[in-house]
Amino acid sequence: MNRKTTPALTWESRVNNPKGIHCRVATRLAEIVANHDAEVRIINQGEPADCSSILDVLSLGLAQGSLVGFTAHGPEADKIPVEIERLFSGFDAG
Amino acid sequence: MTTPSTLYGISGSQGIVVARVVVLNRQADQSICYQLAPELVETEVDRFQDALNEIEQELIELRNQFEEDLSDTETLTIIDSHILMVKDKMIRAGTIDLIRQKRINAEWALARVLEHIKKKFDHIRDPYIRDRFADVKYVVDRIFAHLGDRNRNFSANFSEPVIVVSDDFSPEDTLRMQSEKILGFLTDKGGITSHTAIVARSLGLPAVVGLKNVTSCCRTGDTVILDGYSGRVYLAPTRDQQKQYLKYDRQHRAFSEELAWQIHLASETVDGLRVRLSANIEIVDEVQTVFQYGAQGIGLFRTEFEFLKDDHPPSEDTLTTVYQDLLAMFSPEPVTIRTLDMGGDKAASYINGHQPIFERNPALGLRSIRLSLRDPTLLTLQLRALLRASLHGRLRILLPMISSLSELQRVREHLNKSMEELYRKGIPFNPKVEIGIMIEVPSAVILADTLAAEVDFFSIGTNDLIQYSLAIDRSNEYVAQMYEPLHPAVLRMIRQTVVAGHNQGIEVALCGEMAGDVVTAMVLLGLGLDELSMRPSAIPHVKKMLRSSTASQLSDLGSQILELRDAGEIRNLLHNYLAKYYPDEFGEA
């Protein structure tokens, strides 16, 4: 089944990590996506980035407190929000 | 603007080639840029991917090491993020897309991708995240380094023999390009004595230099005619033109074959005046051509290559082997080995503790013997190797760019120290090894009588002597046409040096480009030089001219020329002289 045709999961999340989304957080984010069969995009003020690309995510320059949108496609898309929520809580990494 | 069909440059090395070109562009960031032939695009993509895969493997190994050694999770995540960057689609897919779309080499594509990422990072307001660009830069630099290793012999990437085109070639570029895949060189910059021209001549490959804009007038894959005799390049030649040029080339080659039988004959005039015709070489591999053209020994062995080919100096043992092999090969003929002549455009990167120095005017700066004396580590290394090799043949040690007596004395002190050291260790050497100096600075000409008393031979280096006495930068295309070997000031300086040397009973050789040009070589023979050292392929022709002259005819020519007031008058006289004595070659058609 083409992922593009499956209904997208969308939600919003706030970055609570003290130093924003820096290398370590972006790395974890990419790992979460790599561990699941899903395609995840992060959107900041209308600008999307592919969560599997650490450079794409880093270049959004997300500081602590940023409110960002997410879309996830794919069979395991529903498992993504919880993990990202944990990562963005700031207790998991950095 | 329309592209002209013919470009006019300076003949750097004779010969004709009709072939496709590969254009190499050097960017400001030093990443070379060149267009790929369509069939080589995927090879380039593979080269890039191989480099990425290698780095990924290296980083994974590094990570595994750390994982065992320590529980430093911070370092581990940094390595993880670097691994992700190597795999990142922005870098991987972005670069590969550019290689395919623009048919351009990986370094250039990667440099553009890095620029793009930099721009995105520059917009980040958060300073902590913005500074993460340092990690991106680190990873990309690593990719560049890996590509560099795979680029060392980039000419191997050409599918057919080509003409290489660039704004200029560095000494390292040209030495690296000695490959059967290369048929000729074209450059925007440079004159007859630029490094590209010198190397091309010694390799026997045609070259046209100083074309100003050849890099923008032709594109990789275009077929051109390179005419190294006239210094012309024909863009988009017709079939007929190509055929005509190949025929013209065959005629020139036939003349070379006619010269071939000169090789085994003595280099002397009809009445028995002998002049040694020896060879200039840059790398030991050239000795084959030296024998092939019948040189009597080596008049100039430039020793920089052994020091430039790696990023560290050669060992004393390696150098000793190179020198003793060379001496043994030519014994009993002399082998003149010049000590390091670096600086300016060809310093090894490890000199000066890897610190590049900025000089406003490198030709008048810290180069050659001055550089050797400032930190004598490499000089003494070389002197010891030379001494150790000295018993294997007839060695003549040549010191470049001497401009005063004290400079010579300082080198002598180092030489004496090296001798004492070897003596103490019981290593045999020739204590009477011949020491000579290059006469290539006007002050050395003026002091020639003083210096002649202190050395065993002179060797006049006309390339630099002309540059320094006429104040002409030989690679500056705006004044290159004023670089005049037949300037009377130059010829009188040569004569003054010869007289000073002969008064002290020492031999005077000459090893500049002038020796390899039959017209100027005739003048030099007239000025009384004992030895002319030139690119090996020029020897048969000069020998032919020498063998059909008499000693008095040559010395008459010399004294007549020394009376003349400018280069124009000298050229006129030469024209008449050559037409009279060599009507077959120089007579009016």
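Structure shown above.
Remember, predicted model here, so these are calculated numbers, not experimental data.

Enquirer: Account for the interface of chain A and chain B, naming residues and giving values.
Expert: Residue-level contacts link 21 residues of chain A with 20 residues of chain B. Among the residues of chain A in contact with chain B, A:R24, A:L55 and A:S59 are the three that bury the most area, contributing 33% of the side total. Our count for the contact surface shared by chain A and chain B stands at 2 salt bridges. A salt bridge links A:D56 to B:K120; the shortest N-O distance between them is 3.5 Å. Where chain A packs against chain B, one counts 5 residue pairs in polar contact (both at pLDDT 80 or more). Listed by contribution, the elements that provide at least two residues to the side of chain A that touches chain B are helix 1 (23-34), strand 3 (47-50) and helix 2 (54-58) of chain A. Take the side of chain A that touches chain B: its biggest share by element is 6 residues, from helix 1 of chain A.

Enquirer: Let's hear about the pairing of strand 9 (residues 232-235) of chain B: which residues, and what values?
Expert: Residues and elements named next belong to chain B. By the bridge criterion, 3 bridges tie strand 1 (residues 6-8) to strand 9 in an arrangement that is antiparallel. In the sheet register, Y8 faces strand 9, and the bridge partner there is R232. With 4 bridges joining them, strand 8 (residues 223-227) and strand 9 adopt antiparallel strand pairing. By the bridge assignment for strand 9, I225 is matched with Y234. Joining the antiparallel neighbours strand 8 and strand 9 is a turn of 4 residues, in which G231 adopts a positive phi near 75 degrees.

Enquirer: I'd like a rundown of the sheet that holds strand 15 (residues 457-460) of chain B, residues and numbers included.
Expert: All names here are of chain B. The strand order around the closed barrel formed by 8 strands is 10-11-12-13-14-15-16-17, and the pairing between neighbours is parallel. Strand-to-strand twist across the sheet, computed as the mean angle between neighbouring axes with direction ignored, equals 25 degrees. Note: strand 15 against strand 16 (residues 507-510), 4 bridges, orientation parallel. When the sheet's bridge partners are listed, F457 is paired in strand 16 with E507. Docked against the sheet, helix 20 (residues 488-503) engages strand 14 (434-439), strand 15 and strand 16, running at close to 150 degrees with respect to strand 16.

Enquirer: If you had to explain the nonpolar core to someone new, which residues and values would you point to?
Expert: All names here are of chain B. Residues Y323, F458, I494 and L532 are the most contacted members of the largest nonpolar core, which totals 100 residues. In terms of residue count, the dominant contributor to this core is helix 15 (residues 377-389) (8 residues). The contact partners of Y323, leaving out residues within four places of it in the chain, are F301, T303, F307, I337, Q382, A385, L386 and A389. Grouped together as the second largest cluster of nonpolar side chains are 76 residues, V86, I99, W108 and I143 included.

Enquirer: Can you tell me about the sheet that holds strand 1 (residues 9-14) of chain A, naming the residues and giving the values?
Expert: Residue and element names in this part refer to chain A. Read from one edge of the open sheet, 4 strands run 1-4-2-3, paired in antiparallel fashion. Both outer strands of the open sheet, strand 1 and strand 3, are each paired with one neighbouring strand and no more. Geometrically, the sheet is characterised by an average inter-axis angle of 25 degrees between neighbouring strands, direction not taken into account. In this sheet, strand 3 lies alongside strand 2 (residues 39-44) in antiparallel orientation, the contact comprising 4 bridges. Within strand 3, the residue paired with I42 across the bridge is A49. Set on the sheet, helix 3 (residues 80-88) makes contact with strand 1, strand 2 and strand 4 (67-73); between it and strand 1 the angle comes to about 10 degrees.

Enquirer: Which residues make up empty space enclosed by the protein, and what are the values?
Expert: Residues and elements named next belong to chain B. If you walk through the whole model with that rule in mind, you get 4 cavities of 30 Å³ or more. Estimates place the volume of the largest cavity at around 120 Å³. Along the walls of the largest cavity sit 13 residues, with I198, N280, E513, M534 and R535 positioned nearest its centre. Of all the secondary-structure elements, those providing two or more residues to the lining of the largest cavity are helix 8 (195-203) and strand 10 (276-281). Take the lining of the largest cavity: its biggest share by element is 3 residues, from helix 8.

Enquirer: Report on the pattern of salt bridges, specifying residues and quantitative values.
Expert: All names here are of chain B. Counting across every chain of the model gives 31 salt bridges over all chains. Put simply, E569 and R565 hold a salt bridge, and the shortest N to O gap is 2.8 Å. Residue class for E569 comes out partly exposed when judged on its relative accessible area of 26%. Of the residues examined, R565 reaches a relative accessible area of 66% and is grouped as exposed. Salt bridges sharing common partners tie together R276, E333, R396, E507 and E531.

Enquirer: Could you give me a rundown of the side chain of B:R47, with the residues and numbers involved?
Expert: Residue and element names in this part refer to chain B. Here R47 lies in helix 1 (residues 41-69). For R47, a relative accessible area of 7% translates into the label buried. At a separation of 2.8 Å, a polar atom in the side chain of R47 contacts the side chain of E107.

Enquirer: If you had to explain the packing of helix 19 (residues 462-470) of chain B against helix 20 of chain B to someone new, which residues and values would you point to?
Expert: Axes are the key here: two packed helices are described by the angle between their axes and the distance separating the axes. Residue and element names in this part refer to chain B. One way to put it is that helix 19 packs onto helix 20 with a least axis distance of 10 Å and a crossing angle of 125 degrees. Classed by the angle they form, the pair helix 19 and helix 20 counts as oblique. As for how helix 19 packs across helix 20, the hand of that crossing is right-handed. On helix 20, the residues touching T462, L465, I466, S469 and L470 of helix 19 are V490, M493 and I494. When grouped by side-chain class, the residues that make up the contact of helix 19 with helix 20 number 6 nonpolar, 2 polar and no charged.

Enquirer: So what's going on with unusual backbone geometry? Which residues, and what values?
Expert: Residues and elements named next belong to chain B. That bond from S331 to P332 is cis: its omega, 5 degrees, falls within 30 degrees of zero. The residue P332 is located in the loop between helix 13 (316-330) and strand 12 (334-338) in this model. One non-glycine residue with positive phi stands out, namely K212, at about 70 degrees. Tracing the chain through its elements places K212 in the loop between strand 7 (207-209) and helix 9 (214-217). According to the relative accessible area criterion, K212 is exposed, its value standing at 53%.

Parameters at a glance
Residues numbered from 1 in each chain as written. Chains lettered and ligands numbered in written order. Predicted model: local features only at pLDDT ≥ 70, side-chain atom pairs only at ≥ 80, totals over all residues. Heavy atoms only, no water. Contact = heavy atoms within 4.5 Å. Buried area = accessible area lost by both parts, 1.4 Å probe. Salt bridge = Lys/Arg side-chain N within 4 Å of Asp/Glu carboxyl O. Polar contact = N/O pair within 3.5 Å; in protein donor to acceptor, adjacent residues only side chain to side chain. Helix = DSSP H or I, 4+ residues; strand = E, 2+ residues; numbered from the N terminus. Pairing = 2+ DSSP bridges. Axes fitted to C-alpha atoms, helices over the stretch in contact; angles between N-to-C directions. Core = buried A, V, L, I, M, F, W, Y, C linked by side-chain atoms within 4.5 Å. Buried < 20%, exposed > 50% of the residue type's maximum accessible area, 1.4 Å probe, protein only. 1 Å grid on protein atoms, 1.4 Å probe; cavity = no way out; pocket = protein on both sides within 12 Å on 5 of 7 lines; lining within 4 Å. Points joined across faces, edges and corners; volume = space filled by probe spheres on them. Parallel < 35°, antiparallel > 145°, perpendicular 65-115°, else oblique. Left-handed = near helix turned anticlockwise from the far one by under 90°. Nonpolar A, V, L, I, M, F, W, Y, C, P; charged D, E, K, R; others polar.

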